[in-house]
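Each chain is listed here by its residues.
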Amino acid sequence: MSTPRFVHLHLHTEYSLLDGANKIKDLAACLKDRGMDTVAISDHGNLFGAVDFYQSMQKAGIKPIIGLEAYLHESEELGDKSNKQRFHLCLFAKNEVGYKNLMYLSSQSYLEGFYYHPRINKKLLAAHSEGLICTSACLQGEVNWHLNTHTDKKRQLGAKGYEAAKEAARWYQSIFGEDFYLEIMRHGIEEQRLIDTDILRISQELGIKVIATNDTHYNSRESAQAHEAFMCISTGSQLDDPKRLKHSVKEFYLKSPEEMLALFADIPEALENTVEIADKCTLDLQLGNPTPPNFKFARQQAEAYGIELPEPEAEYSFENDSVLFRHLCQLGLKERFKIVDESEHEAYRERLEVEMAIIDRMKFPGYMLIVWDFVREAKEQGVPVGPGRGSAAGSLVSYALKITDIDPMRYGLLFERFLNPERISMPDIDMDFCQSRRDEVIDYVADKYGRHNVAQVITFGSLLAKGVIRDVARVLGVPYAEADKMAKLIPEELGITLAKAYEKEPKIKELTQSDPVAARVWEFALQLEGLKRNAGTHAAGLVISNEPLWHKTPLYRPSGTQDVVTQYDGRFLEDVDLIKFDFLGLKTLTVIKNALDWIEIRHKKSINFSEMPMEDEAVFKTVQSGHTLGLFQIESSGMQQLNAKMKPTNFEDLIAVLALYRPGPMESGMVDDFINRKHGREAITYMFDDLEPILAPTYGVIVYQEQVMQIVQTIGGFSLGKADLVRRAMGKKKLDEMERFRAEFAEGAAAQGHDKAKAVELFDLIEKFAGYGFNKSHSAAYA
């Protein structure tokens, strides 16, 4: 007998926070195991997991349908808080129009309609119903609610019986036509059984098709009890509390088509209609082609600098960004020339032209102008701004625009580490602002580009190894001291899982085998580990769009705030055509600013760090002493010890200190090699003479990613762009790519007159160091 056709449409993933326990990474395998090739997502009130779900299902060969289970109220005003009654309904995107309407409805439910839950109303739903399929949802759906008059409680809460239910169904039918369906659920719940016949009667009288759904919350029947514990974590209750919120049956799992057919043998068309809905949903998301926003008010800025742009009525265009961008770069470089020897000016101009051309070609002038503008505004308003961090410090354009304050030419920093012309990649500039005034800069950006065009980025907290042990133990009534003792058996290791902990710590096995309660805690914790528990806001991330963000990502508002936040987390923003800007808050900047203000008040001296000498002997003596408590980045006891051993004597040494003080270099012996060579205890040697200019600043030790790139360029004859691809492949240990690059490197070295075997030996050496190599631009910015 062939597998009956059925599609799970009413399904809650882990993004139904502390309610859905269907882990997306496991869902596809479960579906295939049960013989299904299509599935929908319908999380409670949100689209948090839509892109994650869509990509994961497609990758596994499962057709994904994007939807949500919305909360709806009947008040005329969306934000009305006088009406506490809310109904559930499920909405699914048939196409791109439906997907955009879904994002808009979900956004408005948080931004304007939120009251205990994110809500929409009928007025909003009717106005944005195009491209959507609507189903009547669970017992909390409006149709089912009115049918459920079998208890006094329901009648007191407003359930009005069959005619009211029929009228509600008629309203949805008037909006969605043949795209409105009645859901029937058979979990063995008495309230569902009592309204089953009435749903079929409304179906016949109004000509509305019915669909079989299972309100899925977890993968298998065996997971039901762990899911109950999961709900207890959400409500703060214990599993043995008779008054706690709970499911009365164990049927909310991912049933197979055969199981569903057995439940709905009397109405097999209810299964066939789920396939009909799936066939109607043809959404094809175009993901992975991000475009940066344009710099706003280019004309006003251009006029302020005396630049002529096209006629005033002309549409805003990328070319306008480009004209202003080039002008500001050239103007800024002239100012930077005040502290650059005149003999080097031409080399600076040539590099600036190369960088501007690449940024133009990659269509990023607008991005650079946006960053320039909010950094400029912050400085003009007296908000302390950091010198830049990350690979952006390798860009002369960033230096010319005063986005960064590190001269990349002086310290051998590479532009290709920031933007690689041979690989499509987005610019990533992280900016540090005074922690107490960071919000002022964010407000400036939001006011300039539009409050719905700018948003912070959502994050999700998860039930991780130690935390899930403690949570489950509390739910099972385990005393705190015992729960804490069990959690502390998990090794202190970043990203450790319960499975790895079990392998590494024999006492866990001993405990779970000797103590039935501990075994039960462990069993539940294994099932719940990794599930999402709450939504938060990224400490730094911000996205900016040319249009309201709900065209690209649904929006979220954390409870009790006025913040606008994306519903998609940082992993998926580029996929939906958005680029993240990072606004970090740094307390050190406030301390420095206060110190400079006091120096100016007391000593009448104004200090400009960019014009100060970098080789002040007194500074290095302080660092060498190891007494650097309170000095940013080098204040920890480990850093103090390292500086006392290394005894830095120049700025390049300080850059190296920040790159070397990490587990990899310290465990590999790199740090000792560096110190011994610096102090003459080991000889400084170079495999090829051409390596001396590259490795001399680090005494022949490969410390930086940039050095890896320069070696590949110099010896192998690669372009810097291709050298960056080699660096990435080494860092990610992509073995197939490494073999190809090794062969190309050997051939390139031979073509330049180098010994081929020796070149392979060098490639193997830099491959070893590439795993430890740090971004020099980042180190230089923080030094």
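Note: the structure precedes this text.
Residues numbered from 1 in each chain as written. Predicted model: local features only at pLDDT ≥ 70, side-chain atom pairs only at ≥ 80, totals over all residues. Heavy atoms only, no water.

Draft legend 1. Just the overall build of the protein chain, in detail. Broken down by element type, the protein chain carries 34 helices and 13 strands. In terms of overall dimensions, the protein chain is globule-like: its C-alpha atoms have a radius of gyration of 31 Å, near the 28 Å expected for 783 residues. In terms of principal-axis extent, the alpha carbons of the protein chain reach across some 90 × 75 × 60 Å. Counting every position in the protein chain, which comprises 783 residues, the buried fraction comes to 55%. (Helix = DSSP H or I, 4+ residues; strand = E, 2+ residues; numbered from the N terminus. Rg over C-alpha atoms; globule rule 2.2 N^0.38 Å. Buried < 20%, exposed > 50% of the residue type's maximum accessible area, 1.4 Å probe, protein only.)

Draft legend 2. Here's a closer look at the packing of helix α30 (residues 705-716) against helix α31 (residues 720-731). It is at 8 Å that the axes of α30 and α31 come closest, and there the two elements cross at 125 degrees. Judged by the angle between their axes, α30 and α31 are oblique. Note on packing geometry: the crossing formed by α30 with α31 is right-handed. Here Q705, V708, M709, V712 and Q713 of α30 lie close against α31, whose contacting residues are L720, A723, D724, V726, R727 and M730. Class assignment for the residues of the contact of α30 with α31 results in seven nonpolar, two polar and two charged. (Axes fitted to C-alpha atoms, helices over the stretch in contact; angles between N-to-C directions. Parallel < 35°, antiparallel > 145°, perpendicular 65-115°, else oblique. Left-handed = near helix turned anticlockwise from the far one by under 90°. Contact = heavy atoms within 4.5 Å. Nonpolar A, V, L, I, M, F, W, Y, C, P; charged D, E, K, R; others polar.)

Draft legend 3. Structural view of the pairing of strand β9 (residues 454-462). Where β9 lies against strand β10 (residues 532-544), eight bridges are found, and the strand directions are antiparallel. Its bridge partner lying in β10, G461 is registered against N534. Sheet topology note: the β9/strand β12 (residues 565-569) ladder contains two bridges and is parallel. Residue pairing for β12: I458 is matched across the bridge by D569. (Pairing = 2+ DSSP bridges.)

Draft legend 4. How the structure looks around a nonpolar patch on the surface. Together, I592, I607, F609 and M612 line one region of the surface with nonpolar side chains, adding up to about 340 Å² of accessible area. Considering the arrangement of structural elements, one finds M612 in the loop between α23 (587-603) and α24 (617-625). (Patch = residues over 30% accessible without salt bridge, like charges linked within 9 Å, V, L, I, M, F, W, Y side chains within 5 Å. Areas by Shrake-Rupley, 256 points an atom, 1.4 Å probe, with all protein chains shown as cover. Salt bridge = Lys/Arg side-chain N within 4 Å of Asp/Glu carboxyl O.)

Draft legend 5. Spotlight on the side chain of H187. Within the secondary structure, H187 is located in the loop between β6 (180-185) and α8 (190-206). Polar contacts involving the side chain of H187 include one to the main-chain carbonyl oxygen of N214, which spans 2.6 Å. With residues up to four places along the chain from it excluded, the contact list for H187 reads Q192, N214, D215, V249, E251, F252 and K255. (Polar contact = N/O pair within 3.5 Å; in protein donor to acceptor, adjacent residues only side chain to side chain.)

Draft legend 6. Quick look at the packing of aromatic side chains. In total, this model carries 25 aromatic pairs according to the counting rule given. Here the aromatic rings of F374 and F583 are separated by 4.4 Å at their centres, their planes lie at 35 degrees, and the arrangement is tilted. Residue F374 is located in helix α15 (residues 365-380), and its partner F583 is located in strand β13 (residues 580-586); the two are separated by 209 residues in the primary sequence. One aromatic cluster in this structure is built from Y15, F48, Y110, F114, F460 and Y556. The lysine or arginine in question, K122, covers the ring of W171, its NZ or CZ lying 4.8 Å from the ring centre. Its guanidinium or amino end placed over the ring of Y172, K122 lies 5.4 Å from that ring's centre, counting from NZ or CZ. (Phe/Tyr/Trp six-rings, centres within 6.5 Å; stacked < 30°, edge-to-face > 60°. Lys NZ or Arg CZ within 6 Å of the ring centre and 35° of its normal.)

Draft legend 7. The sheet that holds β9, seen in detail. Taken together, six strands build an open sheet; the order of strands is β8-β13-β10-β9-β12-β11 and the sheet is mixed. Each end of this open sheet is capped by a strand with a single partner; those strands are β8 (430-434) and β11 (555-556). Relative to β13, β10 runs antiparallel, the two being bridged by three bridges. Opposite L542, over in β13, you have F581 as the bridge partner. Contacts from helix α17 (residues 438-449) reach β8, β9, β10 and β13 within the one sheet, and its direction differs from that of β10 by about 70 degrees. Relative to β13, α23 is tilted by about 55 degrees, and along the sheet it contacts β8 and β13.

Draft legend 8. Spatial organisation of the nonpolar core. The biggest cluster of nonpolar side chains holds 125 residues, and the ones touching the most others in it are L91 and L528. It is helix α3 (residues 96-111) that contributes the most residues to this core, seven residues altogether. Ignoring any residue separated from it by four or fewer positions in sequence, one finds L91 in contact with I66, G67, L68, A70, L102, L105, I120, L125, I133, C134 and F176. A659, V671, M730 and A780 belong to the second-largest nonpolar core, a separate cluster that totals 56 residues. (Core = buried A, V, L, I, M, F, W, Y, C linked by side-chain atoms within 4.5 Å.)

Draft legend 9. The arrangement of the pattern of salt bridges in detail. All chains considered together, the criterion is met by 55 salt bridges. Here R244 ties to E228 by a salt bridge, and the two come within 2.7 Å at their closest N and O atoms. Of the two residues, R244 is situated in the loop between α9 (224-235) and α10 (257-263) and E228 in helix α9; the sequence distance between them amounts to 16 residues. Using a relative accessible area of 12% as the deciding quantity, one classes R244 as buried. For E228, a relative accessible area of 9% gives the class buried. Taken together, the salt bridges that share partners define one network made up of D373, R376, E377, E380 and K448.

Draft legend 10. Main features of α15. Counted at 1.5 Å a residue, the expected span for α15 with its 16 residues is 22 Å, and the 22 Å between its end C-alpha atoms agrees. Burial within α15 is extensive, with 14 of its 16 residues counted as buried. Residue G382 follows α15 closely and has a positive phi angle near 75 degrees. (Expected span 1.5 Å × (residues − 1).)

Draft legend 11. A look at the environment of L695. Relative to the assigned elements, L695 resides in helix α29 (residues 692-695). Sequence separation of L695 and S75 is 620 residues, and the distance between their C-alpha atoms is 71 Å. When residues no more than four places from it in sequence are discounted, the contact partners of L695 are Y686, G700, V701, I702, Q707 and I711.

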